[in-house]
Amino acid sequence: MENDGQATIWDPALGTSAASFKEVDPPPIPLDDPQNRPGSAIPRPAPLFCAGQVQLADGRVLIAGGNLEAGSPGFGLKILFLFDPTTDSWVREPDMIRNRWYPTLTRMPSGRVAILGGQDEAGKSVASFELYPNESTGVAGLDAGAPTSGIATNEPNVAARDNGMYPHTMVLPSGRLASSSWGAGPMSLFESSTGRWVTRNNQQLAINGSYPTAFPRPGDQNGTTELIQAGGNVMVPGFFPGFFEPALSKSVFAIKPEAEKTWRQQPALNVARRNATAVLLPDGTAVAVGGGGVDLRFSGTPPTNLPQKQIELWNPATGEWTLGPAQKIPRGYHSIAILLADGRVLSAGDDYTASLLDDNRSDNFDSLFELYSPPYLFRGSRPQIEAAPAAAGYGETMEIRASGDRPITRATLVAPGSVTHAVDMNQRLLELPITKTGTELYTVGGPTTSAAAPPGDYMLFVLNDLGVPSIASWVRIRPDFPGQGTPTLTRLPDEPLPSPPAPPTDPPAPPAPAPVDRAAVEAQLRGFFKDSTADALAGMRRIARLCPVPKRAARTAKARARAAKRLEDCRARAMRAQSRAAAP
């Protein structure tokens, strides 16, 4: 958390004792102080708070951006780090073109990484698009001796587009990258071959406001074309655009990004959730973990019976959600959930701390994690993969040896997760064809194209007829294999002409804001503030950057009176600022 520059490796095979954890902190880096005074740069812990990360095609991990100073949200950084898990070593790469805080990193069919979204050093949205490594280094043989450095760069033919903060992204079988984020408009598709964004007339991904969770529907070896989005907020349009709405949502939608108006409402969640994380499981089901919203940090209410502590399981055949066991610890903002190679789910992190509940307690919720065992681990013994190839190419088959007490009937390929803020930047699951060819011998068909499964490491599971998965065998889908499949880009109907090249400077200034009905805004503010002083203060601090936020809800009449006075002052300043912005 914060900007402590800490990193830890956990080996699940060693259990949960202290011996299973290894500190691998990145090196300190020189940064100017927050006022950017000349000559102020001093070594500091790497400020990776709210950065983006993804595993590269060669197995290393790329980390981009971060926060310049804890407590100063929106101050993005240009930094790029590479972490090599084979040597536990860090390398700082040349900086990005733009500073980014809350960026998304997504592995592309070429093996390169798309870096998009986030806020810059001034807290403004970054509308540029960057790829790592740059074109001059190439991607051929990326996992076999490619240069260790390669500056991320704006591609010269990529038009600017605001992708918001931590946009949800998804590589489609066509090779396009779908992107959408709360507050950033409708879903758009990026075409790397033409360097343009195509906006489809479908619903914005964050239909319900801020921080829904989303995951691609499991596909076959050709990939998947549909995204499932769940939870978020009940949208309150106007002054508070999709972040601090008081009501959470149970709504679930299925969205096909390349089609017009083809989003469909699905069976709802049982519990309204924001900041939940959905994790695809080896059998093609999914689990929604946590949620509850940013505002819970400021409520001062002990999180004892929060309904979001109870997980939910998604059935891909029916779309229905079923309640499962409750976690011991609430998991909301700044929490993660991720699939392990043994089929369990790791849940960790949150913004709750013991100090919110009892000043005399010394334990800290942030340092505790939980492990969830899905139902398939209670159906009997597991099949075992005895042997499997370490690498495979597109359109090729994998010969494996597997055993078990029951017939092995399925094989799935699951991408390693890259999770933060209800966003998994790399999630996908492919159902692969499997054929028994002899005693304990099987042939498994691999992904057909690099768009179905961008090159890199994947977990290969086999499952028996009861849906019990094996422990995964890691396989690298390599971009340099002969016969690599490449997607054929089919022009979408009624698309606009290709966008002109992006200017080399910042994107043009946004249009002047539309006139604001100040009376309506005042009425909306009154309705928003009447429920919780602490929540209102938190919302105004984030939205208007004006209000102090107490560490806990006011407990005395005098403190409540001071908070109410600060609230009134803050509301008045916000109204004046809104009026000035709306003035012609």
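As a reminder, the structure under discussion sits directly above these lines.
Residues numbered from 1 in each chain as written. Predicted model: local features only at pLDDT ≥ 70, side-chain atom pairs only at ≥ 80, totals over all residues. Heavy atoms only, no water.

(A) View of the sheet that holds strand E19 (residues 252-255). What the 4 strands build is an open sheet, ordered E17-E18-E19-E20; its pairing is antiparallel. Here the strands that pair on one side only, and so sit at the sheet edges, are strand E17 (213-216) and strand E20 (263-266). Mean inter-strand twist for the sheet, computed between neighbouring axes without regard to direction, equals 20°. With 4 bridges connecting them, E17 and strand E18 (residues 227-230) associate as antiparallel partners. Counterpart to Phe 215 in the pairing with E18 is Ile 228. (Pairing = 2+ DSSP bridges. Helix = DSSP H or I, 4+ residues; strand = E, 2+ residues; numbered from the N terminus. Axes fitted to C-alpha atoms, helices over the stretch in contact; angles between N-to-C directions.)

(B) Inspection of the sheet that holds strand E38 (residues 473-477) at higher detail. One open sheet accounts for 5 strands, arranged E29-E38-E37-E31-E34; its pairing is mixed. A strand with exactly one partner marks an edge of an open sheet, and here the two such strands are strand E29 (391-392) and strand E34 (429-432). For E29 and E38, the ladder comprises 2 bridges, and the chain directions are parallel. Each residue of the ladder has a partner; that of Ala 391, found in E38, is Arg 476.

(C) Region of the structure containing the packing of aromatic side chains. Applying the stated criterion across every chain yields a total of 10 aromatic pairs. Seen in terms of ring centroids, Trp 10 and Phe 369 are 5.1 Å apart; in terms of plane orientation they differ by 50°. Their pairing is tilted. With Trp 10 in strand E1 (residues 8-10) and Phe 369 in strand E27 (residues 369-372), this pair connects stretches of sequence that are 359 residues apart. Put simply, the rings of Trp 10, Phe 21 and Phe 369 touch in pairs and so form one group of aromatic residues. (Phe/Tyr/Trp six-rings, centres within 6.5 Å; stacked < 30°, edge-to-face > 60°.)

(D) Main features of the pattern of salt bridges. Enumeration over the complete set of coordinates arrives at 14 salt bridges. Between Asp 58 and Arg 60 there is a salt bridge whose closest N-O contact spans 2.8 Å. With a closest N to O distance of 2.8 Å, Asp 465 and Arg 406 form a salt bridge. Of this pair, Asp 465 sits in the loop between strand E37 (456-464) and E38 while Arg 406 sits in the loop between strand E30 (397-403) and strand E31 (408-414), and the two are 59 residues apart along the sequence. Overall, Asp 465 belongs to the partly exposed group, its relative accessible area being 38%. By relative accessible area, which is 40% here, Arg 406 ends up partly exposed. Among the charged side chains, a network of salt bridges with common partners joins Arg 217, Glu 226 and Arg 264. (Salt bridge = Lys/Arg side-chain N within 4 Å of Asp/Glu carboxyl O. Buried < 20%, exposed > 50% of the residue type's maximum accessible area, 1.4 Å probe, protein only.)

(E) Inspection of unusual backbone geometry at higher detail. Cis peptide bonds are those with omega within 30 degrees of zero, and the linkage from Tyr 132 to Pro 133 qualifies with -10°. On the secondary structure map, Pro 133 appears in the loop between strand E11 (129-132) and strand E12 (153-154). Of note in this structure, Cys 50 is not a glycine but carries a positive phi near 65°. Positionally, Cys 50 belongs in the loop between strand E4 (42-44) and strand E5 (52-55).

(F) View of the nonpolar core. Phe 215, Leu 281, Val 287, Trp 321 and Leu 339 are the most contacted members of the largest nonpolar core, which has 29 residues in total. With 4 residues, the single largest contributor to this core is strand E22 (residues 286-289). With residues up to four places along the chain from it excluded, the contact list for Leu 339 reads Val 279, Leu 280, Leu 281, Pro 282, Arg 344, Tyr 376, Val 414, Met 459 and Phe 461. In terms of nonpolar packing, the next biggest core, distinct from the first, is built from 22 residues, Ala 415, Leu 432, Tyr 442 and Val 475 among them. (Core = buried A, V, L, I, M, F, W, Y, C linked by side-chain atoms within 4.5 Å. Contact = heavy atoms within 4.5 Å.)

(G) Focus on the pairing of strand E35 (residues 434-438). For E35 and strand E36 (residues 441-445), the ladder comprises 4 bridges, and the chain directions are antiparallel. By the bridge assignment, Thr 435 is partnered in E36 with Thr 443. The turn linking E35 back onto E36 is made up of 2 residues, and Glu 440 within it adopts a positive phi angle of 60°.

(H) The environment of Asp 162, seen in detail. Turning to its location among the elements, Asp 162 is positioned in the loop between E12 and strand E13 (168-171). Counting along the chain gives 37 residues from Asp 162 to Ser 125, while the straight-line C-alpha distance between them is 6.6 Å.

(I) Region of the structure containing the environment of Gly 393. Structurally, Gly 393 is set in the loop between E29 and E30. Separated by 56 residues in the primary sequence, Gly 393 and Thr 449 have C-alpha atoms spaced 9.1 Å apart.

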